[in-house]
Amino acid sequence: MTVERIGWIGIGRMGYAMAERLAKGGADLTVWNRTREKAQPLAAHGAKVAEKLADLAACDIVFVMVSTWDDVREVITGPHGLLSAGDVATRLVVECSSISLEGSAELREMLKSRGIDLLAAPVSGNAKVIKAGRLSFVCSGPKHAYEAALPYLKLIAPAASYVGEGELARIVKICHNVFLGVVTQSLAEVTILAQKAGVPRHAFLDFMNQSVMGSTFTRYKTPAFVNLDFKVTFTPELLRKDLDLGLDAGRRFDVPLPLASLTRDVLQSLIGHGTKDEDFAKLLVHHARASGLDLTAENVPVSDGLG
Ligand SMILES: NC(=O)c1ccc[n+]([C@@H]2O[C@H](COP(=O)([O-])OP(=O)(O)OC[C@H]3O[C@@H](n4cnc5c(N)ncnc54)[C@H](OP(=O)(O)O)[C@@H]3O)[C@@H](O)[C@H]2O)c1
């Protein structure tokens, strides 16, 4: 058990897998989720499940993993949020959701006025990547906040990069997810091109994954692309949020992002055709339809490379 009391807000797909590693790693952990039953299984690993969000104000360090900036604001400063507790012992908030630079700066000011440090700590990887022990954090804020959080970050993920003061981690994460969207769309396009020319998807991706263009990402999306398993890891709507954050940042910093802009529109049309509770890798099927192809699962066992 750790000496410091750790709180966790947001037990969704990511939050669950991250908090589970903290609990299994021996942290003195109290979790809260809006939909309480999703958090309940963590009790089997030693976590306490709080009745009220404000109960987490007794914790020294509080992690947050919700969806958007509005949701972060609500769980921190809303009428029933963390800061609504009369007595707040929390001295550090580690905010892991993918949010804007502006939201993050506003959060930092709100917490500062209550004497609380903020570490911006968004992540790269999905819940399966977390389970495989391959998640990475990108962090910014006061160096002492990073150092205080590091033992807990290390229980969750092997990699945590400190990129500087303020909200720098947010722009790194936004750039990362713009790249994620563009790469996924591009991989979908070339996979469909190869298939229409006669190459089975598993054979094409087997080569790509072993080529200089292969990556952890192309490997772990291969089962979805080959066998059409679109159980959600990351929703098209959350990815659209990140592309929008990227396009906003592009306007703010006067950087053209033509590929991000096109990908955002393609993703919008996937969402418009009704894909909401399936994985964003369904971009593959969307592109197949645009190419006059009806996809079927190849039913070939393929590795996701995560072990
Ligand atoms: N999935 C990925 O691969 C991935 C990878 C890296 C980063 N991210 C980022 O991580 C964050 C979480 O993603 P996720 O995939 O874990 O999403 P998710 O499964 O939809 O989980 C969202 C969590 O936020 C909670 N929440 C949302 N709005 C809330 C509100 N207003 N008040 C209280 N709780 C609220 C939800 O509570 P309920 O359970 O009650 O709905 C749930 O616990 C997002 O910012 C996403 O962009 C995701």
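See the structure printed just above.
### Overview of the overall build of the protein chain
Helices and strands together make up the secondary structure of the protein chain, namely 11 helices and 9 strands. Against the compact-globule benchmark of 19 Å for 307 residues, the protein chain has a radius of gyration of 20 Å, which places it among compact chains. For the protein chain, the spread of C-alpha atoms along the three principal axes comes to 65 × 45 × 35 Å. The buried share among the 307 residues of the protein chain stands at 51%. Considering only intrachain contacts with a sequence separation of at least 6, the fraction spanning at least 24 residues in the protein chain is 68%. Taking the 34 positively charged and 34 negatively charged side chains of the protein chain as two groups, their mean positions are separated by 3 Å.

### As for the site of the ligand
The environment of the ligand is made up of 26 residues, and the closest members are N33, T35, K38, S67 and T233. S67 is positioned such that a nitrogen or oxygen atom in its backbone is 2.7 Å from an oxygen atom of the ligand. Listing elements by their share of the shell around the ligand, those giving two or more residues are helix 1 (13-24), helix 2 (69-77) and helix 9 (236-252).

### Focus: the side chain of D28
When you line up the elements, D28 lands in strand 2 (residues 28-32). Accessibility expressed as a relative area gives 15% for D28, which makes it buried.

### Looking at unusual backbone geometry
The backbone of L228 shows a phi angle near 55°, a positive value even though the residue is not glycine. As for its position among the elements, L228 is in the loop between helix 8 (216-227) and helix 9. Overall, L228 belongs to the partly exposed group, its relative accessible area being 22%. Backbone geometry places N299, a non-glycine residue, at a positive phi of 50°.

### Here we look at empty space enclosed by the protein
Per the counting criterion, the structure on display carries 1 cavity of 30 Å³ or more. When its volume is computed, the largest cavity comes out at roughly 30 Å³. Contributing to the lining of the largest cavity are L270, H273, T275, K282, V285, H286 and R289. When residues of the lining of the largest cavity are assigned to their parent elements, the largest contribution, 3 residues, is made by helix 11 (residues 283-290).

### Details of the packing of helix 2 against helix 3 (residues 101-112)
Helix 3 packs onto helix 2 with a crossing angle of 10° between their chain directions and a minimal axis gap of 10 Å. When the axes of helix 2 and helix 3 are compared, the pair comes out roughly parallel. Packed against helix 2, whose contacting residues are W69, V72, R73, I76 and T77, the element helix 3 presents G103, E106, L107, M110 and L111 at the interface.

### Considerations on the pairing of strand 6 (residues 117-120)
Bridging between strand 5 (residues 92-95) and strand 6 involves 4 bridges; their strand directions are parallel. Within the sheet, the bridge partner assigned to L92 lies in strand 6 and is D117. Read from strand 5 through helix 3 to strand 6, the crossover connection turns out right-handed.

### Topic: a nonpolar patch on the surface
Together, V163, L168 and V172 make up an exposed nonpolar region whose accessible area comes to about 210 Å². By the element assignment, V163 lies in strand 9 (residues 159-164). According to the relative accessible area criterion, V163 is partly exposed, its value standing at 34%.

### A closer look at the pattern of salt bridges
If you walk through the whole model with that rule in mind, you get 19 salt bridges. One salt bridge in this structure joins E4 and R91, with 2.1 Å as the shortest N-O distance. Taken together, the residues E4 in the segment before strand 1 (5-9) and R91 in the loop between helix 2 and strand 5 connect sequence positions 87 residues apart. Classification of E4 as partly exposed rests on a relative accessible area of 21%. Classification of R91 as partly exposed rests on a relative accessible area of 36%. For D304, the salt bridge identified is with K128, shortest N-O distance 2.6 Å. You can see D304 sitting in the segment after helix 11 and its partner K128 sitting in helix 4 (residues 127-131), a full 176 residues away along the chain. What emerges from the salt-bridge pattern is a single network uniting E20, K24 and K131.

### Side note on the environment of H287
When you line up the elements, H287 lands in helix 11. Note on H287: relative accessible area 21%, which makes it partly exposed. Taking C-alpha positions, H287 is 9.0 Å from V266, a pair spaced 21 residues apart along the chain. Setting aside residues no more than four positions away along its own chain, H287 makes contact with Q185, A188, E189 and I192.

Cut-offs and rules
Per chain, the residues get numbers from 1 upward, laid out in the order the sequence is written. For this predicted model, a pLDDT threshold of at least 70 governs which residues receive local features, and a threshold of 80 or more governs which side-chain atom pairs are given and counted, while totals over whole chains, interfaces and linings are taken from all residues. No hydrogens and no water enter the side-chain calculation; it runs on all heavy atoms of the structure. Secondary structure elements are taken from DSSP: a helix is a run of H or I of four residues or more, a strand is a run of E of two residues or more, and numbering for both begins at the N terminus. It is over C-alpha atoms that the radius of gyration is taken, and the globule rule equals 2.2 Å times the number of residues to the power 0.38. Only protein chains enter the accessibility calculation, which uses a 1.4 Å probe; a residue whose area is less than 20% of its type maximum is buried, one above 50% is exposed, and one in between is partly exposed. For this analysis, residues touch if any pair of their heavy atoms sits within 4.5 Å. Within this scheme the basic residues Lys and Arg register as positive and the acidic residues Asp and Glu register as negative, but His and the chain ends are omitted. Charge positions are represented by NZ for Lys, CZ for Arg, CG for Asp and CD for Glu. The nearness test applies per residue and asks whether one of its heavy atoms lies within 4 Å of the molecule or strand. Counting of polar contacts relies on pairs of N or O atoms within 3.5 Å, with two restrictions inside protein: one atom must be capable of donating a hydrogen and the other of accepting it, and residues adjacent in sequence are counted only when both atoms are side-chain atoms. Residues are called lining when one of their atoms sits within 4 Å of a cavity or pocket point, these points coming from a 1 Å grid over the protein atoms alone, where a cavity is a set in which a 1.4 Å probe fits but cannot get out and a pocket is an open set with protein on both sides within 12 Å along at least five of seven lines. Grid points are joined across faces, edges and corners, and a volume is the space filled by probe spheres set on the points. In this analysis an axis means a line fitted to C-alpha atoms, helices contributing only their contacting stretch, and an angle means the value between N-to-C directions, from 0 to 180 degrees. With respect to orientation, any angle under 35 degrees is reported as roughly parallel, any angle over 145 as roughly antiparallel, any angle of 65 to 115 as roughly perpendicular, and every other angle as oblique. Strands were regarded as paired on the criterion that DSSP finds at least two bridges between them. With its strands directed away from the observer, a crossover is right-handed exactly when the path from the first strand over the helix to the second travels clockwise. Each patch is built from residues lacking any salt bridge and having more than 30% relative accessible area; the joining distance is 9 Å for like charges and 5 Å for nonpolar side chains (Val, Leu, Ile, Met, Phe, Trp, Tyr). Here the Shrake-Rupley method, with its probe set to 1.4 Å, supplies the accessible areas, and only the displayed protein chains count as covering residues. By convention in these notes, a salt bridge is any Lys or Arg side-chain nitrogen within 4 Å of a carboxyl oxygen on Asp or Glu.

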